[in-house]
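Chain residues, written in single-letter form:
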Amino acid sequence: DGGITQSPKYLFRKEGQNVTLSCEQNLNHDAMYWYRQDPGQGLRLIYYSQIVNDFQKGDIAEGYSVSREKKESFPLTVTSAQKNPTAFYLCASSPRFGQSQPQHFGDGTRLSIL
Amino acid sequence: DAKTTQPPSMDCAEGRAANLPCNHSTISGNEYVYWYRQIHSQGPQYIIHGLKNNETNEMASLIITEDRKSSTLILPHATLRDTAVYYCIVNRDSNYQLIWGAGTKLIIKP
């Protein structure tokens, strides 16, 4: 089945450590997105990519980095500069980048600090 | 950025229609209204979206008022599996990005 796969489902980070969250899609979508969700709140955009080899900062990009070397992959690195990384991280994709493009989501990665 | 306002929670009896309201009084002419839902600890699921006209798909109907300042999501025959947080969202005109609020927690009761 086509879809978005995020791994791992749960991730633990030590202080001062960088961690990378994986996001893979086989939907042949051009655009991909990373969101952060804190308890009881809506999603906030971290980074987005309109097409391969392109990405832009979202509303809360500080302390995060991304790459988009392949169409199907959009990994997110949570760096040691992100002082409050504990959250639920969601990856999404849409066929193209634009107004009327519903986003389809993976099942998320829950990151915690040891 | 256009903002949406939703009631924090609602109940609905199983088998009845669930009507979820949303206010978006500052929406601009080319901003779409989207509805998603999220079951606990899962990724959001796309339901429906629209610009001006009412829309219907296999999951739900979206009714948008003529002035576009509010909308209603209708789940025609609610089941227990429809219990979730429902988000009404408009996309930011400048970069098309979705602006998420806290949503409505819908509880379907047997």
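Residues numbered from 1 in each chain as written. Chains lettered and ligands numbered in written order. Predicted model: local features only at pLDDT ≥ 70, side-chain atom pairs only at ≥ 80, totals over all residues. Heavy atoms only, no water.

Visitor: Any chance you could break down the overall build of chain B for me, citing the residues and the numbers?
Guide: A tally of regular secondary structure across chain B gives zero helices and 10 strands. The N-to-C order of helical and strand elements in chain B reads β-β-β-β-β-β-β-β-β-β. Against the compact-globule benchmark of 13 Å for 110 residues, chain B has a radius of gyration of 13 Å, which places it among compact chains. Dimensions along the principal axes, computed over C-alpha positions, put chain B at roughly 40 × 30 × 25 Å. Burial statistics for chain B: of 110 residues in total, 45% are counted as buried. Considering only residue pairs separated by 6 or more positions, chain B has 55% of its internal contacts joining residues 24 or more positions apart. (Helix = DSSP H or I, 4+ residues; strand = E, 2+ residues; numbered from the N terminus. Rg over C-alpha atoms; globule rule 2.2 N^0.38 Å. Buried < 20%, exposed > 50% of the residue type's maximum accessible area, 1.4 Å probe, protein only. Contact = heavy atoms within 4.5 Å.)

Visitor: Residues and numbers for the interface of chain B and chain A, please.
Guide: If you look at the interface, chain B gives 22 residues, while chain A gives 23 residues. The interface formed by chain B and chain A holds seven residue pairs in polar contact (both at pLDDT 80 or more) in total. Counting residues per element, the ones that place at least two in the side of chain B that touches chain A are strand E3 (33–38), strand E4 (45–50) and strand E8 (84–91) of chain B. Here the side of chain B that touches chain A gets three residues from one element, more than from any other, and that element is E3(B). (Polar contact = N/O pair within 3.5 Å; in protein donor to acceptor, adjacent residues only side chain to side chain.)

Visitor: Break down the state of the cysteines for me, citing the residues and quoting the values.
Guide: Residues and elements named next belong to chain B. Evaluated as defined, the whole model comprises two disulfides over all chains. One disulfide bridge connects Cys22 with Cys88, the sulfur atoms lying 2.0 Å from each other. Measuring handedness by torsion sign, the sulfur bridge of Cys22 and Cys88 sits at about -80 degrees and is left-handed. Placement of the pair is Cys22 in strand E2 (residues 18–23) and Cys88 in strand E8, with a sequence separation of 66 residues. Here Cys22 falls in the buried class, since its relative accessible area comes to 3%. With no disulfide of its own, Cys12 lies closest to Cys22 among cysteine sulfurs, the gap being 18 Å. On the basis of relative accessibility, which here comes to 11%, the residue Cys12 falls in the buried class. (Disulfide = S-S within 2.5 Å.)

Visitor: Outline the pairing of strand E4 (residues 31–37) of chain A, supporting the account with residue identities and numerical values.
Guide: Residue and element names in this part refer to chain A. The buried fraction of E4 is high, at seven of seven residues. Covered by surrounding structure in E4 are Ala31, Tyr33, Tyr35 and Gln37 together with Met32, Trp34 and Arg36, the residues of both alternating faces. Both E4 and strand E5 (residues 43–49) contribute to a ladder of six bridges, which runs antiparallel. In the strand pairing of E5, Trp34 is matched with Tyr47. The turn linking E4 back onto E5 is made up of five residues, and Gly40 within it adopts a positive phi angle of 75 degrees. (Pairing = 2+ DSSP bridges.)

Visitor: Which residues make up the sheet that holds strand E6 (residues 61–64) of chain B, and what are the values?
Guide: Neighbouring strands of a sheet are bound in pairs by backbone hydrogen bonds; such pairs are parallel or else antiparallel. Residues and elements named next belong to chain B. With antiparallel pairing, four strands are arranged side by side in an open sheet as E2-E7-E6-E5. Every interior strand has two partners, whereas the edge strands, E2 and strand E5 (55–56), have only one. Bridge count for E6 against strand E7 (residues 70–75) is four bridges, and the pairing is antiparallel. Each residue of the ladder has a partner; that of Ile64, found in E7, is Ser71.

Visitor: Talk me through the nonpolar core; I want residue IDs and the actual numbers.
Guide: Ranked by size, the top nonpolar core spans 21 residues in total, and within it Trp35(B), Leu73(B), Tyr86(B) and Leu106(B) carry the most contacts. Among the secondary structure elements, those contributing two or more residues to this core are E2, E3, E4, E6, E7, E8 and strand E10 (104–109) of chain B. It is E8(B) that provides the largest number of residues to this core, a total of four residues. Not counting residues up to four positions away in its chain, the partners in contact with Leu73(B) are Ala18(B), Asn19(B), Leu20(B), Trp35(B), Ile47(B), Ile48(B), Ala60(B), Ser61(B) and Tyr86(B). Of all hydrophobic cores here, the second largest spans 20 residues; its members include Leu11(A), Val19(A), Tyr47(A) and Val66(A). (Core = buried A, V, L, I, M, F, W, Y, C linked by side-chain atoms within 4.5 Å.)

Visitor: So, the sheet that holds strand E8 (residues 76–78) of chain A: which residues are in play, and what are the values?
Guide: All names here are of chain A. An order of E1-E3-E8-E7 is seen for the four strands of this open sheet, with the pairing classed as antiparallel. Both outer strands of the open sheet, strand E1 (4–7) and strand E7 (64–66), are each paired with one neighbouring strand and no more. Averaged over all pairs of adjacent strands, the angle between strand axes in this sheet comes to 20 degrees, irrespective of strand direction. Here E7 pairs with E8 via three bridges, running antiparallel. Bridge pairing in E8 links Ser65 to Thr77. (Axes fitted to C-alpha atoms, helices over the stretch in contact; angles between N-to-C directions.)

Remember, this is a structural readout, not a statement about activity or role.
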